[in-house]
Amino acid sequence: MQLHLSSWPEIEVYLTSSKAILIPIGSTEQHGPNGLLGTDALCPEIIARRAGDESGILVGPTFNVGQAQHHMAFPGTITLRPSTMIAAMLDWAQSLSRHGFERIYWLNGHGGNIATINAAFSEIYHGVTFGTEGSNGPPLRCVLRNWWELAGVMDLCKQLFPVGEGSHATPSEVSVTYFGYPEAIKRVAMTPKIAPTGPIYDAEDYRRRFPDGRIGSDPSQATPEAGEKIVTAAVKGVIAEFQQFAAS
Ligand code: NI
C-alpha cells in the first residue's frame, strides 16, 4: 500500500488498524559511470514498494535528497545542508504524527545520511517533549535501518560479488536499480576495473581521489538478475522487522 496512491479515506481506515508507516530515504548523487543518480533513493524505494505490495505495509513518499556534499563535484548531484534535512524530516514526522501515526520506519539507502537522520530523530523527540501540547505529547517512535543491513542481504551481496563490491557505486546497489528500471541500464567499461579506495573529505578532494566517482567497486558486474535476488532477500527482512516495530 502506497500513501501517494491512496485516498484520505483509505488512510483513515488504515489508521484504525495500524499506526506505523515506512518512509524510504536516500540521496540524489553521482554513482559512478554506470550508476543512476537516484540509486540511493531508488534502492530503498524499490524494496519498500514491493514489501508494501506483498504485506500491506503503508509506504510513504520517498525522501529522495540527502547528505551529498562530497559528491557535488559531479553534475546532477543535489544536496541538503544537515540543518535543512533535519528541519524537513521534523516536518514530515510531525505531519504524520498529527494524523495519528506513532511509528515511523525510515528505510535508508545512503551511508552519508546516517548521522543526520539520527540528529533528526533527536529533534523529532524534542518536538514531542517541547510541543505546543506540553510535555508527554503523543508517543512517536522512529527507527533507522540501512537496506544493506537487513537480515541476509550483506551475505548475499558478498556471495554475488566476491570481488569489487567496494563502498560506493557498488555492483549490488546498481543491480537493485537495474532490476527496478531495466530501461535505464548503462553498459560502460570501467577503468581501472576496480576503483581506488580512501578517505572522504569535501567535494573537490573527492573528485581528485575518485575521478569517476566509484570507491573500491566494479559496478560493471551489475545485472537485473542479481538485483532481483537482493530485493527478494531485503523484502523478506524488512517485512519481518517492520511488523515487529509496528507492534512495539
Ligand atoms: Ni549508494
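In this report, the structure presented in the accompanying data block is examined. (Residues numbered from 1 in each chain as written. Predicted model: local features only at pLDDT ≥ 70, side-chain atom pairs only at ≥ 80, totals over all residues. Heavy atoms only, no water.)

**Focus: the state of the cysteines**
Moving on, step 1. According to the stated counting rule, one finds 0 disulfides in the structure shown.
Moving on, step 2. Looking at the unpaired Cys-157, the closest cysteine sulfur is the one in Cys-43, lying at 9.6 Å.
Moving on, step 3. A relative accessible area of 6% means that Cys-157 is categorised as buried. (Disulfide = S-S within 2.5 Å. Buried < 20%, exposed > 50% of the residue type's maximum accessible area, 1.4 Å probe, protein only.)

**Details of the packing of helix H3 (residues 82-98) against helix H4 (residues 114-129)**
Moving on, step 1. Orientation of H3 relative to H4, taken along the N-to-C sense of each, is 50°, at an axis distance of 9 Å. Considering their axes alone, H3 and H4 lie oblique with respect to each other. The two elements H3 and H4 meet at a crossing, and its hand is right-handed. Along the contact surface, H3 presents Pro-82, Met-85, Ile-86, Met-89, Leu-90, Ala-93 and Gln-94, while H4 presents Thr-116, Ile-117, Ala-119, Ala-120, Phe-121, Glu-123, Ile-124 and Gly-127. (Axes fitted to C-alpha atoms, helices over the stretch in contact; angles between N-to-C directions. Helix = DSSP H or I, 4+ residues; strand = E, 2+ residues; numbered from the N terminus. Parallel < 35°, antiparallel > 145°, perpendicular 65-115°, else oblique. Left-handed = near helix turned anticlockwise from the far one by under 90°. Contact = heavy atoms within 4.5 Å.)

**Comments concerning the pattern of salt bridges**
Moving on, step 1. In this structure the tally under the stated criterion is 6 salt bridges.
Moving on, step 2. The partner of Glu-149 in a salt bridge is Arg-145, and the shortest N-O contact between them spans 3.9 Å.
Moving on, step 3. Here Glu-149 falls in the partly exposed class, since its relative accessible area comes to 40%.
Moving on, step 4. Taking the shortest distance from any N to any O, the salt bridge between Asp-218 and Lys-193 comes out at 3.3 Å. Taken together, the positions of Asp-218 in the loop between helix H7 (203-209) and helix H8 (224-246) and Lys-193 in the loop between helix H6 (171-180) and H7 put the pair 25 residues apart, joining distant regions of the chain.
Moving on, step 5. The structure contains a network of salt bridges with shared partners spanning Arg-145, Glu-149 and Glu-241. (Salt bridge = Lys/Arg side-chain N within 4 Å of Asp/Glu carboxyl O.)

**Examining the layout of surface pockets**
Moving on, step 1. Within this model, the largest pocket holds a volume of roughly 430 Å³.
Moving on, step 2. Contributing to the lining of the largest pocket are 24 residues, with Trp-148, Ser-167, His-168, Thr-170 and Glu-173 lying nearest its centre.
Moving on, step 3. Among the secondary structure elements, those contributing two or more residues to the lining of the largest pocket are helix H5 (153-160) and H6.
Moving on, step 4. The dominant element in the lining of the largest pocket, judged by the number of residues it contributes, is H5, at 3 residues. (1 Å grid on protein atoms, 1.4 Å probe; cavity = no way out; pocket = protein on both sides within 12 Å on 5 of 7 lines; lining within 4 Å. Points joined across faces, edges and corners; volume = space filled by probe spheres on them.)

**Comments concerning the coordination of the nickel ion**
Ideal geometry at a metal gives 109.5 degrees between four tetrahedral donors and either 90 or 180 degrees between six octahedral ones.
Moving on, step 1. At 2.0 to 2.2 Å from the nickel ion lie its protein donor atoms, namely His-31 (NE2), Asp-40 (OD) and Glu-173 (OE).
Moving on, step 2. Read from N- to C-terminus, the donor residues coordinating the nickel ion fall into the pattern H-x8-D-x132-E.
Moving on, step 3. The exposure class of Asp-40 is buried, given its relative accessible area of 3%. (Donors = N, O, S within 2.8 Å, 3.2 Å for Na, K, Ca; no water.)

**With respect to the packing of aromatic side chains**
Moving on, step 1. Per the stated rule, a full pass over the model turns up 8 aromatic pairs.
Moving on, step 2. Judged by centre distance (6.4 Å) and plane angle (35°), the ring pair of Tyr-14 and Phe-101 falls under tilted. On the criterion of sequence distance, the pair formed by Tyr-14 in helix H1 (residues 8-17) and Phe-101 in the loop between H3 and strand S2 (103-108) is long-range, its members being 87 residues apart. Judged on exposure class, the residue Tyr-14 and its partner Phe-101 are both buried.
Moving on, step 3. Feature note: the residues Phe-74, Tyr-206 and Phe-210 constitute an aromatic cluster, connected by ring pairs. (Phe/Tyr/Trp six-rings, centres within 6.5 Å; stacked < 30°, edge-to-face > 60°.)

**A few points about the sheet that holds strand S3 (residues 141-146)**
Moving on, step 1. If you walk across this open sheet you meet the 3 strands as S1-S2-S3, and the pairing is parallel. A single partner strand is all that each edge strand has here, and the edge strands are strand S1 (20-25) and S3. On average, each strand axis in the sheet is tilted by 20° relative to the strand beside it, whichever way the strands run.
Moving on, step 2. One ladder, built from 6 bridges, connects S2 with S3; its direction is parallel. The partner of Leu-107 across the bridge, within S3, is Arg-145. (Pairing = 2+ DSSP bridges.)

**Brief notes about the nonpolar core**
Moving on, step 1. Core analysis: the biggest nonpolar cluster contains 53 residues, and Met-89, Ile-104, Leu-107, Trp-147 and Val-238 have the highest contact counts within it.
Moving on, step 2. Beyond its immediate stretch of four places on either side in the chain, Trp-147 contacts Cys-43, Pro-44, Ile-47, Leu-107, Asn-108, Gly-109, Val-153, Glu-173, Val-176 and Ile-230. (Core = buried A, V, L, I, M, F, W, Y, C linked by side-chain atoms within 4.5 Å.)

**Overview of the pairing of S1**
Moving on, step 1. Counted residue by residue, S1 has 6 buried out of 6 residues, so it is predominantly covered.
Moving on, step 2. Where S1 meets S2, 6 bridges bridge the pair, whose relative direction is parallel. Paired with Pro-24 across the strands is Leu-107, a residue of S2.

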